[in-house]
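Listed below, chain by chain, are the residues.
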Amino acid sequence: MPAARDQTGVARCRVVVTGADGMLGGAVVEEFGRHHDVRPMRRAHCDLVDPRCTRDWMLAEAPEIIVHCAAWTDVDGCEGDPERAMRENAFATRNVALAAQRCEARLCYISSDYVFDGRKEGAYVEEDEPAPLNVYGRSKRAGETHVLRYVPRSWVVRTSWLFGPGGNNFVATMVDLVRRKDAVRVVHDQVGSPTYTRDLAGALRTLVQSEIYGIYHVTNSGTCSWYELARAISHCLKAPCRVQPCRSEEYPRPAARPANSVLEGRYARWSGLPTLRPWHEALTAYMEQLR
Ligand SMILES: NC(=O)c1ccc[n+]([C@@H]2O[C@H](COP(=O)([O-])OP(=O)(O)OC[C@H]3O[C@@H](n4cnc5c(N)ncnc54)[C@H](OP(=O)(O)O)[C@@H]3O)[C@@H](O)[C@H]2O)c1
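Keep in mind it's a predicted model, so treat the numbers as computed, not measured.

Participant: So, the nonpolar core: which residues are in play, and what are the values?
Facilitator: Counting 28 residues, the largest nonpolar core has Val15, Val28, Phe32, Val67, Cys108, Val157 and Leu204 as its most contacted members. Those elements that provide at least two residues to this core are strand S1 (14-18), helix H1 (23-33), strand S3 (65-68), strand S4 (106-112), strand S5 (154-159) and helix H7 (197-208). Examining the composition of this core, we find that six residues originate from one element, H7, more than from any other. Setting aside its immediate chain neighbours within four residues, Val67 contacts Val15, Val16, Val17, Thr18, Val28, Phe32, Cys108 and Leu204. Val178, Val184, Val186 and Leu283 belong to the second-largest nonpolar core, a separate cluster that totals 26 residues.

This is the structure:
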């Protein structure tokens, strides 16, 4: 029997999404759900650090594609508990990779700009050597290595500075702060590309329809500092709050952050995948949706 197709003619697949209750996982469930048969996987179904549970759950669902969004994303928390970070981000990812291998599923793993140390002049490209500065980055890099080792039909998608509905993120925090405060100080010496989870979910769907496996950098277009992002949020809200720049040293945190988080998505571009819109357009869309 020929495969069922969605309204655009794409074959419907059975897709498991891990971390389905998370910020990106929720957007992926929504986006993929319009085109595919989606099985959201939540911690309540299975803790991914349990290899047997992960394998058995995946075997029962028999996915053709797994989008692995689950991770312990508390960067400072990871710094304080490296063993838990490795268990939840590296070992759990190995469990997912081995389960994908067993099910003969293709695997899309979400990774991070934090695999780089941020010392490069200019944007990071897919061939750049990872050198994480912090525990979270090391645990995400270890996850990448497991995926690439165990699942030849896999995509490793590095993204950065996510914002969107249903999660703790800088934009949501800043919306709250600029509404309540007269002034806020925000670091100006870390640059990156803010990325809307809905735009990323759309790009992931296009990517997994391809058979072009490997590492990809996917973010909204353009770059800014956290300070510039905070100013754009304040401007969008027409808030009277004064947003002032400061340096990272003035705002010490347990985990070091890369100064340069800018990812260039040249492999996606060379593969003919659409470029994501500028981050400020995506920010406006998200802010409108917040109202
Ligand atoms: N946020 C960013 O700015 C950013 C930037 C670059 C890359 N990324 C990557 O993008 C992905 C999604 O990030 P996000 O911000 O959307 O994450 P999130 O909102 O923190 O959601 C992560 C989800 O994964 C679940 N999870 C974690 N460990 C699990 C386990 N052992 N078993 C089952 N479920 C588990 C969490 O459940 P609990 O709530 O129960 O723990 C949560 O629902 C992650 O891989 C992250 O590393 C994020």
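Participant: Can you explain the packing of aromatic side chains? Please cite residues and give values.
Facilitator: By the definition in use, this model includes nine aromatic pairs. Each ring, one from Phe163 and one from Tyr286, has its centre 5.4 Å from the other, and the planes form 50°; the classification is tilted. Residue Phe163 is located in strand S6 (residues 162-163), and its partner Tyr286 is located in helix H10 (residues 279-290); the two are separated by 123 residues in the primary sequence. Ring-pair connections join several aromatic residues into one group, and the members of that group are Trp161, Phe170 and Trp226.

Participant: For the site of the ligand, give the residues involved together with the corresponding values.
Facilitator: Lining the immediate surroundings of the ligand are 24 residues, of which Leu24, Arg43, Thr73, Tyr136 and Lys140 lie closest. At 2.7 Å, a backbone N or O of Leu24 approaches an oxygen atom of the ligand. For the ligand, an oxygen atom lies 2.8 Å from a polar atom in the side chain of Lys140. Considered on its own, the ligand offers 910 Å² of accessible surface; in the complex 80% of this is hidden by protein. Those elements that place two or more of their residues in the shell around the ligand are H1, S4 and helix H5 (135-150).

Participant: Tell me what's going on with the packing of helix H6 (residues 170-180) against H10, and back it up with residues and numbers.
Facilitator: Two elements in contact, H6 and H10, have axes whose closest approach is 12 Å; the angle formed by their N-to-C orientations is 60°. When the axes of H6 and H10 are compared, the pair comes out oblique. As for the relative orientation of H6 and H10, their crossing is right-handed in sense. Where H6 abuts H10, its residues Val171, Ala172 and Val175 lie against Leu283, Tyr286, Met287 and Leu290. For the contact of H6 with H10, the class distribution of residues is seven nonpolar, no polar and no charged.

Calculation rules
- Residues numbered from 1 in each chain as written.
- Predicted model: local features only at pLDDT ≥ 70, side-chain atom pairs only at ≥ 80, totals over all residues.
- Heavy atoms only, no water.
- Core = buried A, V, L, I, M, F, W, Y, C linked by side-chain atoms within 4.5 Å.
- Buried < 20%, exposed > 50% of the residue type's maximum accessible area, 1.4 Å probe, protein only.
- Helix = DSSP H or I, 4+ residues; strand = E, 2+ residues; numbered from the N terminus.
- Contact = heavy atoms within 4.5 Å.
- Phe/Tyr/Trp six-rings, centres within 6.5 Å; stacked < 30°, edge-to-face > 60°.
- Near = heavy atom within 4 Å.
- Polar contact = N/O pair within 3.5 Å; in protein donor to acceptor, adjacent residues only side chain to side chain.
- Areas by Shrake-Rupley, 256 points an atom, 1.4 Å probe, with all protein chains shown as cover.
- Axes fitted to C-alpha atoms, helices over the stretch in contact; angles between N-to-C directions.
- Parallel < 35°, antiparallel > 145°, perpendicular 65-115°, else oblique.
- Left-handed = near helix turned anticlockwise from the far one by under 90°.
- Nonpolar A, V, L, I, M, F, W, Y, C, P; charged D, E, K, R; others polar.

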